[in-house]
Amino acid sequence: MSVRILALVGSLRAGSHNRQLAEAAVKLAPEGAEVELFEGLAEVPFYNEDIDVEGDVPAAAARLRTAAGSADAFLLFSPEYNGTIPAVLKNAIDWLSRPYGAGAFTGKPVVVVGTAYGQFGGVWAQDETRKAVGIAGGTVLEDVKLSVPGSVVRFAETHPADDAEVAAQIAEVVNRLHSHVGAVEVA
């Protein structure tokens with residue numbers, strides 16, 4: 001049985017380095033793991049309890065919940081916008097945190113990684129993302145981290161999958177997440 005890892009990217013930009021990092025995770029997933037890059041976060045409306053009505057949830061939010069519900073684990077990619085988590089990623093977390101106590105993250109392992117232009121690689125945003133997804137019920141693997149600084153320069157002409165150091169790091173992240181899911185299933 002393959003472990004299904006759902007990747008959510010907090011940048012909507014077509015040439016996003018975080019999206020490229022997620023593509024590298026898909027490409028470098030170990031045998032027995034499938035990383036699925038979720039498409040469509042831009043279409044998910046801002047969370048509002050008035051539209052989160054059983055049987056009438058907006059289609060884009062329902063697609064997100066369905067994909068998340070069938071995932072064994074999550075890999076979140078967060079750039080840093082003004083020192084914090086991007087709204088699109090926070091919105092996905094909000095949708096997946098409901099219904100309260102039974103959201104898609106509940107009891108599932110989550111790893112947060114990312115890249116940003118600054119010298120710290122977006123660690124503030126990644127810390128905020130870990131906090132939010134942990135409150136939403138996810139089991140955050142606090143010891144599995146990857147923050148790649150200087151993304152604009154580092155990935156100007158090289159895809160993260162073709163950067164030997166970054167490729168090895170993201171492969172290790174996916175391996176550790178995969179191993180954690182396997183260890184939980186055996187226990």
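Residues numbered from 1 in each chain as written. Predicted model: local features only at pLDDT ≥ 70, side-chain atom pairs only at ≥ 80, totals over all residues. Heavy atoms only, no water.

Participant: Quick question: what am I supposed to make of empty space enclosed by the protein here?
Facilitator: Any space left empty among the atoms is revealed by the rolling of a water-sized probe across them. All told, the structure shown has 1 cavity of 30 Å³ or more when counted by the stated rule. Roughly 30 Å³ of volume is contained in the largest cavity. Contributing to the lining of the largest cavity are Arg 4, Ile 5, Leu 6, Glu 34, Glu 36, Ala 67 and Ala 71. Element by element, the count of residues in the lining of the largest cavity is highest for strand β1 (residues 3-9), at 3 residues. Here the lining of the largest cavity is built from residues that sort into 4 nonpolar, no polar and 3 charged. (1 Å grid on protein atoms, 1.4 Å probe; cavity = no way out; pocket = protein on both sides within 12 Å on 5 of 7 lines; lining within 4 Å. Points joined across faces, edges and corners; volume = space filled by probe spheres on them. Helix = DSSP H or I, 4+ residues; strand = E, 2+ residues; numbered from the N terminus. Nonpolar A, V, L, I, M, F, W, Y, C, P; charged D, E, K, R; others polar.)

Participant: Would you mind going over helix α2 (residues 59-69) with me for this structure?
Facilitator: Of all the residues in α2, the buried ones are Ala 60, Ala 61, Leu 64, Ala 67 and Ala 68. Mapping the buried residues of α2 onto a view down its axis gives an arc of 125°, with all of them on the same face. Away from its buried face, by an angle of more than 90 degrees, α2 presents the exposed residues Ala 59 and Thr 66. Buried positions along α2 lie against β1, β2 (33-37), β3 (73-77) and α3 (87-96). (Buried < 20%, exposed > 50% of the residue type's maximum accessible area, 1.4 Å probe, protein only. Arc of directions from axis to C-beta. Contact = heavy atoms within 4.5 Å.)

Participant: What is the right way to look at the layout of surface pockets in this model?
Facilitator: When its volume is computed, the largest pocket comes out at roughly 280 Å³. Along the wall of the largest pocket there are 16 residues; nearest its centre are Asp 94, Ser 97, Ala 132, Ile 135 and Ala 136. Elements that contribute at least two residues to the lining of the largest pocket include exactly α3 and α4 (123-135). With 4 residues, the top contributor of residues to the lining of the largest pocket is α4.

Participant: How do you make sense of the nonpolar core when you look at a structure like this?
Facilitator: Soluble globular proteins tend to bury their nonpolar side chains together. The biggest cluster of nonpolar side chains holds 29 residues, and the ones touching the most others in it are Leu 6, Leu 8, Leu 64, Phe 74, Leu 76, Ile 93 and Phe 105. In this structure Leu 8 touches Phe 38, Leu 41, Leu 64, Leu 75, Leu 76, Phe 77, Leu 89, Ala 92 and Leu 96, once residues within four positions along its chain are discounted. Membership of the second largest hydrophobic core comes to 28 residues, among which are Val 3, Ile 5, Phe 77 and Val 173. (Core = buried A, V, L, I, M, F, W, Y, C linked by side-chain atoms within 4.5 Å.)

Participant: I tried to follow a nonpolar patch on the surface on my own but got confused; where do I start?
Facilitator: A contiguous nonpolar patch, built from Tyr 117, Val 152 and Val 153 and spanning about 340 Å² of accessible area, is present on the exposed surface. Tracing the backbone through its elements, the reader meets Val 153 in helix α5 (residues 151-154). (Patch = residues over 30% accessible without salt bridge, like charges linked within 9 Å, V, L, I, M, F, W, Y side chains within 5 Å. Areas by Shrake-Rupley, 256 points an atom, 1.4 Å probe, with all protein chains shown as cover. Salt bridge = Lys/Arg side-chain N within 4 Å of Asp/Glu carboxyl O.)

Participant: It is not clear to me how the packing of α2 against α3 should be interpreted in this structure. Could you clarify?
Facilitator: Helices that pack against each other are described as a pair by the angle of their axes relative to one another and the distance between those axes. It is at 10 Å that the axes of α2 and α3 come closest, and there the two elements cross at 70°. Comparing their axes, α3 and α2 come out roughly perpendicular. Touching Ala 61, Leu 64, Arg 65 and Ala 68 of α2 are Ala 92, Trp 95 and Leu 96, all from α3. Residues of the contact of α2 with α3, tallied by class, amount to 6 nonpolar, no polar and 1 charged. (Axes fitted to C-alpha atoms, helices over the stretch in contact; angles between N-to-C directions. Parallel < 35°, antiparallel > 145°, perpendicular 65-115°, else oblique.)

Participant: Where do I start with the packing of aromatic side chains in this structure?
Facilitator: Working definition: an aromatic ring pair is given by the centre-to-centre distance plus the angle between the planes. Evaluated as defined, the whole model comprises 2 aromatic pairs. For the ring pair Tyr 47 and Trp 95, a centre distance of 4.8 Å and an interplane angle of 75° mean the geometry is edge-to-face. With a gap of 48 residues between them, Tyr 47 in the loop between β2 and α2 and Trp 95 in helix α3 connect regions that are remote in the sequence. Judged by its relative accessible area of 19%, Tyr 47 is buried. Judged by relative accessible area, Trp 95 falls into the buried class, the value being 0%. Between Phe 74 and Phe 105, the aromatic rings sit 4.7 Å apart at their centres with planes inclined by 65°, giving edge-to-face as the arrangement. Of this pair, Phe 74 sits in strand β3 while Phe 105 is found in the loop between α3 and β4 (109-115), placing the two residues 31 residues apart along the sequence. Judged on exposure class, the residue Phe 74 and its partner Phe 105 are both buried. (Phe/Tyr/Trp six-rings, centres within 6.5 Å; stacked < 30°, edge-to-face > 60°.)

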